[in-house]
Amino acid sequence: GPALVTARGLEKHHGQTHALRGVDVTIRQGEIVAVMGPSGSGKSTLLHSLAGVITPDAGEVTIGDTRISSLSDDQRSQFRLDRLGFVFQFGQLLPELTAEDNVALPLMLGGTKRARALVQAHSWLERLGLAGMERRLPSELSGGQSQRVALARGLVNAPTVLFADEPTGSLDSLTAERVMETLTDVVRSTRTTLVIVTHDARVASYSDREIFIRDGSVTRPAFETTV
Ligand code: ADP
Ligand code: ADP
């Protein structure tokens, strides 16, 4: 497909830490890309920069026709709610909300009425094998079920790009593989572009392509064959 997410010359400092050092990335529509590298190498900073969650010190990010680095904070928030999806580590669900309300939340934040958002939420919960779990609280779900609820929440607004940061981080390996199979099945069938940050080679094996980061720079895979 055509280029969908383009980053050019990204620089980001966190205090004294130079977290991104001139990063260029191109991700095509429908691709599943794994961003890999050691802890502290800048993976999360890159993901957050691509998704408009943080503003890089220099460089540009474009998603589709939108240069997100040129948007105001309000415009960027609205763009994220309308066009992007997010899945993070285990523990991201709001503990006081049921599964259905956790999934409906991004739509409601974007202005959709609750009744209508719940219809969408139920459809995604069913698609992810969670029919009957709609009214459960996160504490009443297993780890794998919780991550499926998180996937449903990330997908509920039919995002152009789904960003996932260590989405199987605290799951056992069998559950992690099942969640990855579900995630990649859904994004392939919906032609959603997926950018997934992981340090886990088994998670990355579900991707079409791997981008390696070390000390804030993209490195060539040939230098990163040892895990
Ligand atoms: P990774 O996701 O690969 O573990 P991060 O992008 O989280 O790496 O972090 C890159 C570097 O920037 C690390 O040295 C980290 O400690 C530092 N860092 C990240 N976020 C912040 C922050 N908000 N304040 C200060 N340092 C940060
Ligand atoms: P991740 O698992 O995504 O790498 P971390 O646990 O490293 O996340 O960081 C969680 C939050 O803390 C992020 O918002 C990150 O920007 C921030 N952070 C990371 N490293 C530092 C740091 N050294 N000092 C301050 N904040 C940090």
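Residues numbered from 1 in each chain as written. Chains lettered and ligands numbered in written order. Predicted model: local features only at pLDDT ≥ 70, side-chain atom pairs only at ≥ 80, totals over all residues. Heavy atoms only, no water.

- Per an unreviewed UniProt entry, the protein goes by the name ABC transporter ATP-binding protein and belongs to Microbacterium caowuchunii.

## Some words on the overall build of the protein
Phase 1: The number of helices and strands found in the protein is 7 helices and 10 strands.
Phase 2: Out of the 227 residues belonging to the protein, those deemed buried represent 48%.
Phase 3: Here the analysis covers contacts within the protein between residues at least 6 apart in sequence; of these, 70% occur between residues at least 24 apart.
Phase 4: Carbon and sulfur atoms make up 48% of the accessible area of the protein, which totals about 10900 Å².
Phase 5: In the protein, 24 positive and 26 negative side-chain charges are present, and the distance between their average locations comes to 3 Å. (Helix = DSSP H or I, 4+ residues; strand = E, 2+ residues; numbered from the N terminus. Buried < 20%, exposed > 50% of the residue type's maximum accessible area, 1.4 Å probe, protein only. Contact = heavy atoms within 4.5 Å. Areas by Shrake-Rupley, 256 points an atom, 1.4 Å probe, with all protein chains shown as cover. Lys, Arg positive; Asp, Glu negative; His and termini not counted. Charge placed at Lys NZ, Arg CZ, Asp CG, Glu CD.)

## Structural notes on the sheet that holds strand S9 (residues 209–214)
Phase 1: The strand order across the open sheet built from 6 strands is S6-S7-S8-S3-S9-S10, with neighbouring strands paired in mixed fashion. Edge positions in the sheet fall to strand S6 (84–87) and strand S10 (217–219), since each of these pairs with one other strand and no more. Within this sheet the neighbouring strands show an average axis-to-axis angle of 25 degrees, counted without direction.
Phase 2: The strands touched by helix H1 (residues 43–50) are strand S3 (32–36), strand S7 (161–165), strand S8 (193–197) and S9; relative to S7, the strand with the most contacts, the crossing angle is about 155 degrees.
Phase 3: On top of the sheet, helix H2 (residues 73–83) reaches S6 and S7; it is set at about 80 degrees to S6, its chief contact. (Pairing = 2+ DSSP bridges. Axes fitted to C-alpha atoms, helices over the stretch in contact; angles between N-to-C directions.)

## Concerning helix H3 (residues 99–109)
Phase 1: Across the 11 residues that make up H3, a large majority, 8, are buried.
Phase 2: Looking only at H3, the buried set comprises Ala99, Glu100, Asp101, Asn102, Val103, Ala104, Pro106 and Leu107.
Phase 3: On its buried face, H3 is in contact with H2, helix H4 (114–127) and helix H5 (143–155).
Phase 4: Once H3 finishes, Gly111 follows within two positions and takes phi at roughly 105 degrees, a positive value.

## Some remarks on the packing of aromatic side chains
Geometrically, a pair of aromatic rings is defined through the distance of the ring centres and the angle of the planes.
Phase 1: Taken as a whole and judged by the stated rule, the model has 2 aromatic pairs.
Phase 2: For the pair Phe86 and Phe88, a centre-to-centre distance of 5.9 Å together with 20 degrees between the ring planes defines the contact as stacked.
Phase 3: Classification of Phe86 as buried rests on a relative accessible area of 18%.
Phase 4: For Phe88, a relative accessible area of 27% puts it in the partly exposed group.
Phase 5: Where Phe86 meets Phe163, the ring centres are 5.9 Å apart and the plane angle is 20 degrees; that geometry is what we call stacked. (Phe/Tyr/Trp six-rings, centres within 6.5 Å; stacked < 30°, edge-to-face > 60°.)

## Quick notes on the sheet that holds strand S1 (residues 3–14)
Phase 1: Spatially, S2-S1-S4-S5 is the arrangement adopted by the 4 strands of the open sheet, whose pairing is antiparallel. Both outer strands of the open sheet, strand S2 (17–28) and strand S5 (66–67), are each paired with one neighbouring strand and no more.
Phase 2: Judged from the 5 bridges that link them, S1 and strand S4 (residues 58–63) form a sheet pairing that is antiparallel. Bridging across to S4, Val5 finds its partner in Ile63.

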